[in-house]
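Below are the chains, spelled out letter by letter.
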Amino acid sequence: MTMFTPCQGKTACRDDGERCITCGRGFAEIEQTRNLIDALAELAVQQGYDNVEEFANYVAGKVVKKVKHRREQT
């Protein structure tokens, strides 16, 4: 398994043409993550959630549970 390294921000991003050499993630992974975050943010805006932190914590917890469950299945 690999370790996730969070983005340090667009101003810290340095690339070698295929991946960010600051966080080590590939451009496709970075783009997919950004798209997923954007979709979740858009959902929260569309729904008019005042408690965005609770929504984000709910989503984060669900992701952890799903990953653990899928790893147990293999």
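Placed above this text is the structure.
Below: a short report on this structure. Remember, it's a predicted structure, so these values are computed and weren't measured experimentally.

### Here we look at the overall build of the protein chain
Moving on, step 1. Assigned secondary structure in the protein chain consists of 2 helices and 0 strands.
Moving on, step 2. For the protein chain, whose C-alpha radius of gyration is 15 Å, the value lies well above the compact-globule estimate of 11 Å for 74 residues.
Moving on, step 3. Projected onto the principal axes, the alpha-carbon positions of the protein chain cover approximately 40 × 35 × 15 Å.
Moving on, step 4. Going through the 74 residues of the protein chain one by one, you find that 9% of them count as buried.
Moving on, step 5. Of the roughly 6600 Å² that the protein chain leaves accessible, carbon and sulfur atoms contribute 54%.

### Comments concerning the packing of aromatic side chains
Moving on, step 1. Applying the stated criterion to the full structure yields 1 aromatic pair.
Moving on, step 2. Taking 5.2 Å as the distance between ring centres and 45° as the angle between the ring planes, the aromatic pair formed by Tyr49 and Phe55 counts as tilted.
Moving on, step 3. Using a relative accessible area of 16% as the deciding quantity, one classes Phe55 as buried.

### Description of the environment of Cys20
Moving on, step 1. By the secondary structure assignment, Cys20 is in the segment before α1 (27–47).
Moving on, step 2. Judged by relative accessible area, which is 4%, Cys20 ranks as buried.
Moving on, step 3. A sequence separation of 10 residues divides Cys20 from Ile30, and the C-alpha atoms of the two residues are 8.8 Å apart.

### Overview of a positive patch on the surface
Moving on, step 1. Among the surface-exposed residues, Lys62, Lys65, Lys66 and Arg70 lie close enough to one another that they form a single positively charged patch.
Moving on, step 2. When you line up the elements, Arg70 lands in helix α2 (residues 52–73).

What counts and how
Residues numbered from 1 in each chain as written. Predicted model: local features only at pLDDT ≥ 70, side-chain atom pairs only at ≥ 80, totals over all residues. Heavy atoms only, no water. Helix = DSSP H or I, 4+ residues; strand = E, 2+ residues; numbered from the N terminus. Rg over C-alpha atoms; globule rule 2.2 N^0.38 Å. Buried < 20%, exposed > 50% of the residue type's maximum accessible area, 1.4 Å probe, protein only. Areas by Shrake-Rupley, 256 points an atom, 1.4 Å probe, with all protein chains shown as cover. Phe/Tyr/Trp six-rings, centres within 6.5 Å; stacked < 30°, edge-to-face > 60°. Patch = residues over 30% accessible without salt bridge, like charges linked within 9 Å, V, L, I, M, F, W, Y side chains within 5 Å. Salt bridge = Lys/Arg side-chain N within 4 Å of Asp/Glu carboxyl O. Lys, Arg positive; Asp, Glu negative; His and termini not counted. Charge placed at Lys NZ, Arg CZ, Asp CG, Glu CD.

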